[in-house]
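# Structural characterization, general
The chain contents come next:
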Amino acid sequence: MKFTKVALTLACSMVLFCGCAKNTDVVLKVNDSEITRAEFYGDLNKIRNIQLQGAPGEIKKESSYASLALKERYTNDVIVRELLKAEFDKRKIEATEKEVEAKKAEIISKLGSKEEFDKKLKESGISTERLNKDMANEVKIEKLVKQITGSTNVSDSEIEKFYKENKAQFTTPERVEAAHILFDTNLDSVKRSLIENDKDAKMSSSDIEKKAKEEIARKESLAKDLAIKLSKNPKEFADAAKKYSDDTASATKGGDLGFITKDSVVKEFGDVAFVQKVGTVSPLVKTQFGLHLIYVKDKSAGGVQTLATVKNDLKVYLLEQKKMQVFQKFVEGLKNAAKIEYVDESLKPENIQKQLEEALPKQLEFEKNKFAPNKKAMEKAKEQPKEAK
């Protein structure tokens with residue numbers, strides 16, 4: 001089961017701040033801190049398992065481009081971790097139990113429930129003790145950032161400048177809130193469905209062809225009847241969608257598609273949806289997917305958001321960007337002033353870079369093959385069922 005983005009960040013953050021294995025074999029020294037092989041590679045492997053979960057075996061190999069990129073990032077993260085820990089001690093930055101619980105509550109809120117939180121915690125193998133240590137470090141980092149960036153501010157002129165230079169970002173297209181009922185009248189699609197349901201392969205090719213055409217005729221007749229009925233009673237659209245629509249993803253929601261833009265749907269669908277009046281059901285629309293009935297719930301005119309409308313949000317965004325830059329500069333200063341010794345030479349930035357360069361061609365080849373058509377699958381799809389004997 002794949003982690004959500006929140007759970008993934010949570011698990012990796014915990015591993016980063018809570019290395020606990022002890023071993024005399026030191027691989028990295030940051031000022032007075034020593035990182036053991038068991039601690040470093042134990043936690044790196046945990047992060048690799050989380051981030052590359054579900055990836056092909058080739059990608060999970062330690063020599064793969066993805067694994068090496070993780071190793072490079074994790075090495076830097078460990079160095080920063082140790083430098084920040086020292087900075088916490090130097091500035092006497094602490095985290096109270098109340099602050100730790102509040103931080104934990106934030107994550108639970110993002111995940112949706114305490115049950116989901118406990119589930120993700122169990123999946124990642126993180127103990128309650130390690131969780132609390134990680135949450136404490138999160139609190140300390142926030143306090144450190146506040147100390148360093150406390151005087152940072154954003155002027156009105158900076159906000160106006162960003163708005164003018166990025167006006168396209170504040171242009172919203174016309175949108176329509178729509179629902180639809182799909183009648184799958186695509187011959188190939190209907191035939192595939194019949195073949196899938198013919199578990200014992202009893203039907204011949206001609207049987208499938210005949211039944212497919214009969215099914216399409218039935219659906220076309222049903223679509224015409226519903227078009228007449230729903231044009232008179234649009235309020236019955238959701239129930240009809242749940243009962244008849246072949247788009248299973250939206251059918252359970254009464255055919256609801258949410259707000260769509262014209263370029264997010266096929267042309268024939270968009271051309272009708274964007275001229276249809278709110279609260280009405282369209283005539284039948286034919287697309288490559290079959291026949292559609294479209295119910296327009298609402299419309300939102302496009303246009304450019306004014307500076308006054310987005311000013312407050314922009315100020316928050318630009319302030320966070322500024323603070324991030326100030327903090328990154330601070331961390332770089334700590335790194336430049338630190339005594340860093342790569343006891344394990346494979347962790348040296350230049351050595352990891354060399355390995356990445358060597359692994360890149362293989363990664364590009366993998367990406368190329370990943371999106372190449374599967375010849376065998378295509379040939380199999382073209383095969384017609386044999387005549388039943």
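So, here is what we can say about the structure in this document. From a predicted model like this one, the values you see are computed outputs, not experimental measurements.

### Focus on helix α8 (residues 156–165)
- All buried positions along α8 are accounted for by Ile159, Phe162 and Tyr163. End-on, the buried residues of α8 take up no more than an arc of 100 degrees, which puts them together on one face. Exposed residues pointing more than 90 degrees away from the buried face of α8 are listed as Ser157, Lys164 and Glu165.
- Contacts made by the buried residues of α8 are with β8 (303–304) and α14 (307–337).

### Focus: the environment of Leu28
- Here Leu28 lies in strand β1 (residues 26–30).
- Spatially, the C-alpha atoms of Leu28 and Thr75 are 8.9 Å apart, while their sequence positions differ by 47 residues.
- Sequence-distant contacts of Leu28, that is, excluding residues within four places in its chain, are made with Ser33, Glu34, Ile35, Val78, Ile79, Ile340, Glu341, Tyr342, Val343 and Leu347.

### So, the packing of helix α9 (residues 187–197) against helix α10 (residues 205–232)
- Relative to each other, α9 and α10 sit at 120 degrees, their axes nearing to 9 Å. When the axes of α9 and α10 are compared, the crossing they make is right-handed. On α10, the residues touching Leu187, Val190, Lys191, Leu194 and Ile195 of α9 are Ile208, Glu209, Lys211, Ala212, Lys213, Glu215 and Ile216.
- Across the contact of α9 with α10, the residue classes tally to seven nonpolar, no polar and five charged.

### Comments concerning the packing of aromatic side chains
- Counting across every chain of the model gives six aromatic pairs.
- With a centroid separation of 5.1 Å and an interplanar angle of 75 degrees, the aromatic rings of Phe40 and Tyr41 are classed as edge-to-face. Pair check on accessibility: Phe40 and Tyr41 agree, each one buried.
- Taken together, the ring pairs connect Phe40, Tyr41 and Tyr74 into an aromatic cluster.
- The ring centre of Phe259 lies 4.4 Å from the NZ or CZ of Arg175, which sits over that ring.

Conventions adopted
- Residues numbered from 1 in each chain as written.
- Predicted model: local features only at pLDDT ≥ 70, side-chain atom pairs only at ≥ 80, totals over all residues.
- Heavy atoms only, no water.
- Buried < 20%, exposed > 50% of the residue type's maximum accessible area, 1.4 Å probe, protein only.
- Helix = DSSP H or I, 4+ residues; strand = E, 2+ residues; numbered from the N terminus.
- Arc of directions from axis to C-beta.
- Contact = heavy atoms within 4.5 Å.
- Axes fitted to C-alpha atoms, helices over the stretch in contact; angles between N-to-C directions.
- Left-handed = near helix turned anticlockwise from the far one by under 90°.
- Nonpolar A, V, L, I, M, F, W, Y, C, P; charged D, E, K, R; others polar.
- Phe/Tyr/Trp six-rings, centres within 6.5 Å; stacked < 30°, edge-to-face > 60°.
- Lys NZ or Arg CZ within 6 Å of the ring centre and 35° of its normal.

Nothing here speaks to function; it is geometry throughout.
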